[in-house]
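Below are the chains, spelled out letter by letter.
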Amino acid sequence: MKSQDIRDKFLKFFESKQHLIVPSAPMVTKDDPTLMFVNSGMAPFKEYFLGNGTPKNNRIADSQKCLRVSGKHNDLEEVGYDTYHHTLFEMLGNWSFGDYFKKEAITWAWELLTEVYGIDRDILYVTVFEGSDEDSLPMDQEAYDLWKAIIPEDRILMGNKKDNFWEMGDQGPCGPCSEIHVDIRSAEEKAKVDGKSLVNMDHPQVVEIWNLVFMQYNRKADTSLEPLPSKHIDTGMGFERLCMVLQDVQSNYDTDVFMPIIREIEAITHKDYGKDDKIDVAIRVISDHVRAVAFSIADGQLPSNNGAGYVIRRILRRAVRYGFTFLGKKEPFIYRLVDILVKKMGPAFPEIKEQKQLIENVIKEEETSFLRTLDQGLLLLDRILENATEKEISGAKVFELKDTYGFPEDLTDLILREKGFTYNAKQFEEKLKEQQDRGKQASELKSDDWTIIAEDDEQEFIGYDTTEANVKLTKYRKVTSKKDGEMYQLVFNMTPFYAEGGGQVGDKGYLQDASGDVVYIVDTKKENNIIIHFAKSLPKDINATFKASVDKKQRYRTECNHTATHLLHQALREVLGTHVEQKGSAVHSKYLRFDFSHFSKLTVEELRDVENFVNSRIEGKLPLEEQRNIPMQTAIDDGAMALFGEKYGDTVRTIRFGQSIELCGGTHVKNTGDIWHFKIVSEGAVAAGIRRIEAITNDAVKDFYFENNRAYFEIKDLLNNTKEPVKAVKALQDENSSLKKQIEALLKDKAKNLKGDLKNEISEVNGVNFIAKKVDLDASGIKDLCFELGGEVDNLFALFGADNNGKALLSCYISKNVVAERELNAGQIVRELGKHIQGGGGGQPFFATAGGKKPEGIDEAIKAVKDYVM
Ligand code: ATP
Ligand code: MG
């Protein structure tokens, strides 16, 4: 059965059991501070399990893209070494939100596996939660009895808390689970060792394929459990593992999900899969990682230097390293795998098909720059080894290579071993841990349980229509972090505060009760679909009615920037073309930032056209036309564009200003005329094929012109208040360049004279024409001198030293015939002499240069060089 059919059959099966089939949610999470990426099928539904929202249907099924590379679930280091853990994988899942429970979940899972897919019952084992003293929980008898009705008792195994009690995080919904395992070993192996003894023992052919989680408890901050008001089902089956079973192969990589990519890697690298362990691991790593990286980019997460972007960058770099080390690939090639990936996965996941070009560009650029880093790291490592006095390199050096140059320790280790060195791994681990602890402390967040003041089903956001309202507190909790100290998170029955989202910052403002007590709201964020207000303190009377007021000035400036962002988006598509797609935006009160796909730097004319376009829409005083709760399809038909990587509901809100129409949840000015003026302040590249524009509006533009004007008058002042400052600056520049030319000519003359003098100083030493001397020239002057002397004097051996503003320089020139006859090497000579000037260098055998920190050592080097010709 083809993988495509396996996926379809799963969805069809649950459709026939009244499940609503939904597409995979984007992989990068937006309103969940505990999670960077979706790491299980249930993550996108968390708000329903927490009771913060109502699902469209109480039965849902899907295939969800998951990424397990950070946090609680991190399989990264396994990937490639085993045959059944991936970074990115698809999790097939069915859910019941307060609807059916264990009975249906268990019987349907069994029916699907054995009847629909036709898996042999004799290769299946199931596990049941054995209970836990720590949590005072009994064994899951209900699940046991249900299984007993369909499978022989000796195939039901007891599992401990680690394997059979599923928790979303340190707090929140959780419950016992039942796993289904397959034993796909050969008959001979089965005869030798009983499959039962291999379940949950990390055997590559006795693996878990499906986990059925019975959510029935809530884990509180003090670690105690309380029953959930309604019980839920959450199941997850590894799609690639299921394909392995149904396609009768022994490894996920041997399925049609991975084989086409592996064949392509073989073709590109001229290496065969299945012959050599190290090569196989590398091929598996690369075939896995290219999927993770491609899907992340498609979901809007580009590789970068922090957060989720950094995780993606590290995955890609891991792939590059394996290619570099084990497949001998020193030039970019992973981007070339995107083509086959898109051919195979594009039909099920259109987002990668539509963004193929972008994905290729970004991966290629990342590969290129990391390969450059690897090269630099290699040079650096060479230098460390040259200066090493012992056979063991310090852990601090290896850490520095990793931290500052991105040069991974396993690669360092490999190279060290090849050269007969080792490094102090303990020191390295200590350094690494120090760094991790620093990161953890800053971001670690401890949260108390919510204190509920009033039950409330639906929290209402009224901030589109008003910035002030009377509100009641429904719940609150204390959170503590190193970074922000103690904070209170407040939730109201309704709120005018806009929560950070869609690129727009959260509102700030204050609460006031009848007695005049004021509490400042310093930020507003959304978490699992509820709006949370951050305050430094708790209101004195938590039961009071508060007047909640949003900081209007900041909100207004932010709105100017948000509306301008829409106009900018429209302008870019108009001026540059419809290939422009939004790739990220940040709307602050002081400025706006907009990232978009486009292949080249914008010209001055293009920037001007874009600015003019936006400003003419501002001058046109276009009114805001807002539509709330319209069907998604109607919005699309109206011309609104959906963004990749965004989660949209069935009904959406559209924002229209003239011809600009967008799906948007943000707040906007009532009329474009309110913006007053729009000004681009910078344009540049963020990644291959992604440009960034930063711009300002309103008051910020006034400040900008004011500042520029002041600078202009200062310049005029410096130019003796000339009427034409541009002309005056131009004249200065011309004068400057003519002076430069004159100096160059003078220096050339000086060098010529010098050459004449130096020629007289050449003496014969042991059959060569030898000179070693300190001169007053820069690097290129010395180079010219060497080559000119070399052209005029046979059998030359010259060493020149120079002190260039405190930096030492040594250049060695040896006539080619001398190089050959005497087996001399200028590169090696300057490297060795480099120790006198505390530096190093290299070059060719006949000409090489070293730089160093210690000019006082030049004389010693000049003295020492004579030994080479004696
Ligand atoms: P394992 O013990 O094999 O790592 P798990 O206990 O971490 O599995 P769950 O968190 O229960 O797995 O996830 C549900 C299903 O998802 C598993 O039964 C498995 O089929 C699949 N799965 C989990 N992790 C991975 C992974 N890294 N790559 C591919 N499939 C996975
Ligand atoms: Mg796991």
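Residues numbered from 1 in each chain as written. Chains lettered and ligands numbered in written order. Predicted model: local features only at pLDDT ≥ 70, side-chain atom pairs only at ≥ 80, totals over all residues. Heavy atoms only, no water.

Caption draft 1: Expanded view of a nonpolar patch on the surface. A surface patch of nonpolar side chains, about 250 Å² in accessible area, is lined by Val518, Tyr520 and Val522. Relative to the elements of secondary structure, Val518 occurs in strand E21 (residues 518-527). The exposure class of Val518 is partly exposed, given its relative accessible area of 30%. (Patch = residues over 30% accessible without salt bridge, like charges linked within 9 Å, V, L, I, M, F, W, Y side chains within 5 Å. Areas by Shrake-Rupley, 256 points an atom, 1.4 Å probe, with all protein chains shown as cover. Salt bridge = Lys/Arg side-chain N within 4 Å of Asp/Glu carboxyl O. Helix = DSSP H or I, 4+ residues; strand = E, 2+ residues; numbered from the N terminus. Buried < 20%, exposed > 50% of the residue type's maximum accessible area, 1.4 Å probe, protein only.)

Caption draft 2: Representation of the nonpolar core within the structure. Core analysis: the biggest nonpolar cluster contains 122 residues, and Trp147, Trp210 and Ile334 have the highest contact counts within it. Sort the elements by how many residues they give to this core and helix H9 (residues 277-298) lands first, with 13 residues. Discounting chain neighbours no more than four positions away, the residues touching Ile334 are Ile286, Val290, Leu316, Ala319, Val320, Ile363 and Glu367. Among the nonpolar cores identified, the runner-up in size contains 42 residues, and Ile762, Ala808, Ile814 and Val865 belong to it. (Core = buried A, V, L, I, M, F, W, Y, C linked by side-chain atoms within 4.5 Å. Contact = heavy atoms within 4.5 Å.)

Caption draft 3: Structural view of the side chain of Gln582. Assignment of secondary structure puts Gln582 in strand E24 (residues 582-587). Classification of Gln582 by relative accessible area gives buried; the value is 14%. A polar contact is formed between the side chain of Gln582 and the side chain of Ser585, at a distance of 3.5 Å. Sequence-distant contacts of Gln582, defined by excluding residues within four places in its chain, comprise His569, Phe594, Asp595, Leu643 and Glu662. (Polar contact = N/O pair within 3.5 Å; in protein donor to acceptor, adjacent residues only side chain to side chain.)

Caption draft 4: Region of the structure containing the side chain of Asn39. For Asn39, the location among the structural elements is in the loop between strand E1 (20-21) and helix H2 (46-49). We classify Asn39 as buried; its relative accessible area is 10%. Aside from chain neighbours lying at most four places away, what touches Asn39 is Cys66, Leu67, Arg68, His73 and Met91.

Caption draft 5: Looking closely at the packing of helix H21 (residues 725-761) against helix H22 (residues 779-792). Contact geometry for H21 and H22: axes closest at 11 Å, N-to-C directions at 50 degrees. By the angle between their directions, the pair H21 and H22 is classed as oblique. Handedness of the crossing formed by H21 with H22: right-handed. For the pair H21 and H22, the contacting residues are Leu754, Lys755, Leu758 and Lys759 in the first and Leu785, Glu788, Leu789 and Glu792 in the second. Counted by class, the contact of H21 with H22 contains four nonpolar, no polar and four charged residues. (Axes fitted to C-alpha atoms, helices over the stretch in contact; angles between N-to-C directions. Parallel < 35°, antiparallel > 145°, perpendicular 65-115°, else oblique. Left-handed = near helix turned anticlockwise from the far one by under 90°. Nonpolar A, V, L, I, M, F, W, Y, C, P; charged D, E, K, R; others polar.)

Caption draft 6: Expanded view of the site of ligand 1. Neighbouring residues of ligand 1: 15 residues in total, closest Asp75, His85, His86, Glu208 and Asn211. The contact in question runs from a nitrogen atom of ligand 1 to an N or O atom on the side chain of Asp75, over 2.6 Å. Gly238 is positioned such that a nitrogen or oxygen atom in its backbone is 3.0 Å from an oxygen atom of ligand 1. Contact with the protein chains removes 87% of the 580 Å² of surface that ligand 1 exposes when unbound. Broken down by secondary-structure element, the contributors of at least two residues to the shell around ligand 1 are strand E5 (88-97), strand E10 (206-219) and strand E11 (225-238). The leading source of residues in the shell around ligand 1 is E10, at four residues. (Near = heavy atom within 4 Å.)

Caption draft 7: Main features of the sheet that holds strand E28 (residues 660-663). Strand order in the open sheet formed by three strands is E26-E27-E28, and the pairing between neighbours is antiparallel. Of all strands in the sheet, those with a lone pairing partner are strand E26 (625-631) and E28, marking the two edges. Between one strand and the next, the sheet's axes are offset by a mean angle of 20 degrees, whatever the strand orientation. Here E26 pairs with strand E27 (residues 651-657) via five bridges, running antiparallel. Each residue of the ladder has a partner; that of Ile630, found in E27, is Val652. Against the sheet, helix H17 (residues 552-575) touches E27 and E28, its axis set at about 115 degrees to E28. (Pairing = 2+ DSSP bridges.)

Caption draft 8: Here's a closer look at unusual backbone geometry. Positive phi is not limited to glycine here, since Ser136 has a value of about 50 degrees. Looking at where Ser136 falls in the secondary structure, it is placed in the loop between strand E6 (124-129) and helix H4 (141-148). Residue Ser136 is classed as exposed on the basis of its relative accessible area of 62%. Phi angles above zero are rare outside glycine, and Gln838 is one such case at about 55 degrees. Positionally, Gln838 belongs in the loop between helix H24 (826-833) and strand E35 (839-843).

Caption draft 9: Highlighting the sheet that holds strand E25 (residues 592-597). Read from one edge to the other, the open sheet built from four strands follows the order E24-E25-E30-E29, with strand pairing classed as antiparallel. Edge positions in the open sheet fall to E24 and strand E29 (678-687), since each of these has one partner strand only. Averaged over all adjacent pairs, the angle separating strand axes in this sheet is 15 degrees, with direction ignored. Where helix H20 (residues 698-718) meets the sheet, it contacts E29 and strand E30 (690-697), and its direction lies at approximately 85 degrees from that of E30.

Caption draft 10: Geometry of the packing of H17 against helix H18 (residues 604-619). Two elements in contact, H17 and H18, have axes whose closest approach is 9 Å; the angle formed by their N-to-C orientations is 130 degrees. What the angle tells us is that H17 and H18 run oblique. Here H17 and H18 pass one another in a crossing that is right-handed. From H17, Leu567, Leu568, Gln570, Ala571, Leu572, Glu574 and Val575 reach across to H18, where they touch Glu606, Asp609, Val610, Phe613, Val614, Arg617 and Ile618. Within the contact of H17 with H18, the residues separate by chemical class into nine nonpolar, one polar and four charged.

Caption draft 11: Just H17, in detail. Look at H17: 34 Å from first C-alpha to last across 24 residues, which is about the 34 Å you get at 1.5 Å a residue. In terms of burial, H17 is a largely internal element, 17 of the 24 residues being buried. Its side-chain oxygen at 3.2 Å from the backbone nitrogen of Lys553, Asp551 defines the N-terminal cap of H17. Backbone geometry just downstream of H17 places Gly577 in the positive-phi region, at approximately 130 degrees. (Expected span 1.5 Å × (residues − 1).)

Caption draft 12: Spatial organisation of the pairing of strand E20 (residues 509-512). Because side chains alternate across E20, one face comprises the buried residues Gly509 and Leu511, and the other comprises Tyr510 and Gln512, none of which is buried. Pairing of E20 with E21 involves four bridges; the strand directions are antiparallel. By the bridge assignment, Leu511 is partnered in E21 with Val519. Taken together, E20 and the strand that follows it, E21, pair antiparallel across an intervening segment of five residues, in which Gly516 is found at a positive phi of about 95 degrees. Relative to strand E23 (residues 545-550), E20 runs antiparallel, the two being bridged by four bridges. The residue bridging Gly509 from the neighbouring strand is Val550, located in E23.

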